[in-house]
Amino acid sequence: MAGGQGRVLELAVLGSLHETSLHGYELRKRLNALLGMFRAFSYGSLYPCLRSLLEQGLIAEDQPAPAAIVGGRSKIVYKLTAEGKERLQDLLTQAGPSAWEDESFGVHFAFFRHTEAEVRLRILEGRRSRLEERLDSVRTALARTRERLDSYTLELQRHGLESVEREVRWLNELIATERRASQEPVRDTTSTDE
């Protein structure tokens, strides 16, 4: 898939199908719930994405047996192939800047349960670093332009600043939790009874 937005949708589709096989409508609902929180989702981009994933052999179609179709069209069910699982794992190991940008961070985060701890930590730290840079630039701009802004624009900028500060605090908590979890000793689950 081309472009950052295409990769985000590819990750969202492959990750959703990793959970369970879905027909198009179910997949649209799941993606809307997943992506809707983080970015606008264009339904017109889903079926070209599915077509591309099919052509690459990353997903497969299952059509119900004719006897199972009751009145109306059959629903094509999409499922992840072995190649699709490999591609998903590849996408989940990518911890560079594209993983912590606004448009893709939420999707990566949604599939953290399938992501290695080291990669999760790199993504969280990268996201925090990016937001701290943003905070610095917003604070600097706000200090320069405060006198020239009307009260509503000033409130809007302050609201944006508080939102980013809140996300940085949240990221700090997640990072601390990840670090604590990585330091916990692995319990021996083998029995010592003879």
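Each remark here, short or long, concerns the structure printed above.
Counting of residues starts from 1 at the beginning of each chain's written sequence and follows it residue by residue. Given that this is a predicted model, residues contribute local features only at a pLDDT of at least 70 and side-chain atom pairs are listed and counted only at 80 or more, while totals for whole chains, interfaces and linings are drawn from all residues. Side-chain descriptors were evaluated using all non-hydrogen atoms of the structure, hydrogens and water having been removed beforehand.

Visitor: Got a minute to help me understand helix α4 (residues 82–93) in this structure?
Guide: Note that an α-helix has 3.6 residues per turn; residues three or four places apart therefore point the same way. The helix and strand labels rest on DSSP assignments: H or I over at least four residues marks a helix, E over at least two residues marks a strand, and numbering proceeds from the N terminus. Expected span, for any helix, means 1.5 Å times one less than how many residues it has. Taking 1.5 Å per residue as the helical rise, α4 with its twelve residues ought to reach 16 Å, and the 17 Å between its terminal C-alpha atoms agrees with that figure. For α4, every residue scored as buried is listed here: Gly84, Leu88, Leu91 and Leu92. The buried residues of α4 occupy an angular sector of 95° when the element is viewed end-on, so they sit on one face. Summarising the geometry of α4, the exposed residues directed more than 90 degrees from the buried face are Ala82 and Glu86. Partly exposed describes any residue whose relative accessible area lies between the buried limit of under 20% and the exposed limit of over 50%, with all areas from a 1.4 Å probe on protein chains only and scaled to the type maximum. The arc in question is the one traced by the directions running from the helix axis out to the C-beta atoms.

Visitor: Explain the sheet that holds strand β3 (residues 77–80) to me, please; I cannot follow it from the model alone.
Guide: Hydrogen bonds along the backbone pair up the strands of a sheet, which may run parallel or antiparallel. A pair of strands is considered paired only if DSSP assigns at least 2 bridges between the two. Taken in spatial order, the three strands of this open sheet run β1-β3-β2, and their pairing is antiparallel. A single partner strand is all that each edge strand has here, and the edge strands are β1 (22–23) and β2 (59–62). Alignment of β1 against β3, held across two bridges, turns out to be antiparallel. Counterpart to leucine 22 in the pairing with β3 is tyrosine 78.

Visitor: I would appreciate a short explanation of the side chain of threonine 115 in the present structure.
Guide: Relative to the helices and strands, threonine 115 resides in the loop between α6 (102–110) and α7 (117–145). Here threonine 115 falls in the buried class, since its relative accessible area comes to 6%. In protein, a polar contact requires one atom able to donate a hydrogen and another able to accept it; more generally it is a pair of N or O atoms within 3.5 Å, and residues adjacent in sequence count only if both atoms are side-chain atoms. There is a polar contact of 3.0 Å between the side chain of threonine 115 and the backbone oxygen of phenylalanine 111. Note on contacts: a residue pair is in contact if any heavy atoms of the two residues lie within 4.5 Å. Apart from the residues within four sequence positions on either side, threonine 115 is in contact with Leu92 and Arg120.

Visitor: Sorry, what's going on with the nonpolar core here?
Guide: If you look at soluble globular proteins, the nonpolar side chains tend to sit buried side by side. Counting residues in each nonpolar core, the largest one holds 25 residues, and the members touching the most others are Val13, Leu14, Leu17, Leu27, Leu31, Leu35 and Ile59. Residue assignment for this core shows that the elements contributing at least two residues are α1 (3–19), α2 (24–36), α3 (46–55), β3 and α4. Sorting elements by how many residues they give to this core places α1 first, with seven residues. Within the second largest apolar cluster, 17 residues are counted, among which are Phe112, Leu131, Leu161 and Ile175. We define the nonpolar core as a collection of buried residues of types Ala, Val, Leu, Ile, Met, Phe, Trp, Tyr and Cys that are connected through side-chain atoms lying within 4.5 Å of one another.

Visitor: Explanation requested: the layout of surface pockets in the structure shown.
Guide: By rolling a water-sized probe across the atoms, one finds the places where empty space is left. The method works on a 1 Å grid over the protein atoms by themselves. A cavity is a set of points holding a 1.4 Å probe that cannot get out, a pocket is an open set with protein on both sides within 12 Å along at least five of seven lines, and residues with an atom within 4 Å of a point line them. Grid points are joined across faces, edges and corners, and a volume is the space filled by probe spheres set on the points. Volume-wise, the second largest pocket comes out at about 160 Å³. For the second largest pocket, the lining is made up of 13 residues, of which Arg7, Val8, Ser98, Ser104 and His108 are closest to its centre. Only α1, α5 (97–100) and α6 provide two or more residues apiece to the lining of the second largest pocket. Just so you know the grouping, Ala, Val, Leu, Ile, Met, Phe, Trp, Tyr, Cys and Pro go in nonpolar, Asp, Glu, Lys and Arg go in charged, and all remaining residues, Gly too, go in polar. Taken together, the residues that form the lining of the second largest pocket break down as five nonpolar, five polar and three charged.

Visitor: What is the right way to look at the packing of aromatic side chains in this model?
Guide: The aromatic pairing rule takes the rings of Phe, Tyr and Trp, using the six-membered ring of Trp, and pairs them if the centres are within 6.5 Å, calling planes under 30 degrees apart stacked, those over 60 edge-to-face and the rest tilted. Summed over the entire model, instances satisfying the criterion amount to four aromatic pairs. Summarising the aromatic geometry, the rings of phenylalanine 105 and tryptophan 170 are spaced 6.4 Å apart at their centres and angled 90° between planes, so their arrangement reads as edge-to-face. Pair noted here: phenylalanine 105 is in helix α6 and tryptophan 170 is in helix α8 (residues 151–183), with a separation of 65 residues, a long-range link. Its relative accessible area of 34% is what places tryptophan 170 among the partly exposed residues. By the ring-pair criterion, three or more aromatic residues cluster together here, those being Phe105, Phe109, Phe112 and Trp170.

Keep in mind that these numbers describe shape and distance, not what the molecule does.
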